[in-house]
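# Architecture at a glance
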Amino acid sequence: MQNDVRELRTAAGLSQQQLGEALDVSRQTINSIEKERYTPSLPLAIAIARFFRTTVEEIFHADR
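Below is a summary of the structure that appears in this document. For clarity, every value in this text was computed on a predicted model and none was experimentally measured.

Moving on: the nonpolar core. Counting twelve residues, the largest nonpolar core consists of Val-5, Leu-19, Leu-23, Ile-30, Ile-33, Leu-44, Ala-45, Ile-48, Ala-49, Phe-52, Ile-59 and Phe-60. When residues of this core are traced back to their parent elements, those giving at least two are helix H2 (16-23), helix H3 (27-34) and helix H4 (42-51). For this core, the element with the highest residue contribution is H4, accounting for four residues. Sequence-distant contacts of Ile-30, defined by excluding residues within four places in its chain, comprise Arg-9, Gln-16, Leu-19, Gly-20, Leu-23 and Val-25.

Three or more residues of H4 are buried, namely Leu-44, Ala-45, Ile-48 and Ala-49. In a view along the axis of H4, the buried residues occupy a sector of 140°, so they form one face of it. Facing away from the buried side of H4 by more than 90 degrees, the exposed set consists of Leu-42, Pro-43 and Arg-50. Looking at the buried side of H4, the elements it contacts are helix H1 (5-11), H2, H3, helix H5 (56-59) and strand S2 (60-61). Two residues or fewer past H4, Arg-53 is found with a positive phi of approximately 55°.

Assignment of secondary structure puts Gln-17 in helix H2. The class of Gln-17 is partly exposed, set by a relative accessible area of 38%.

Rules behind the numbers
Residues numbered from 1 in each chain as written. Predicted model: local features only at pLDDT ≥ 70, side-chain atom pairs only at ≥ 80, totals over all residues. Heavy atoms only, no water. Core = buried A, V, L, I, M, F, W, Y, C linked by side-chain atoms within 4.5 Å. Buried < 20%, exposed > 50% of the residue type's maximum accessible area, 1.4 Å probe, protein only. Helix = DSSP H or I, 4+ residues; strand = E, 2+ residues; numbered from the N terminus. Contact = heavy atoms within 4.5 Å. Arc of directions from axis to C-beta.

This is the structure:
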C-alpha cells in the first residue's frame, strides 16, 4: 500500500522522530511506514490522518 506520509511530514517541517513522538510511536515505525515496509494498524492510520487533518484514504492508497 502506498502512502504520502513522508510528503506530509516534510511539508509540515517535522522529523521522523518528531512525528513519532506526536503519534506515540517510534521513529523506526514512521520510517517503516514511509518506506512502505509496514502498513499501520487502523487506529494508527486514523491518528496519522487526524494529525495531518485529512482522511485515511487521502494518505493511504493502492496507487495513483
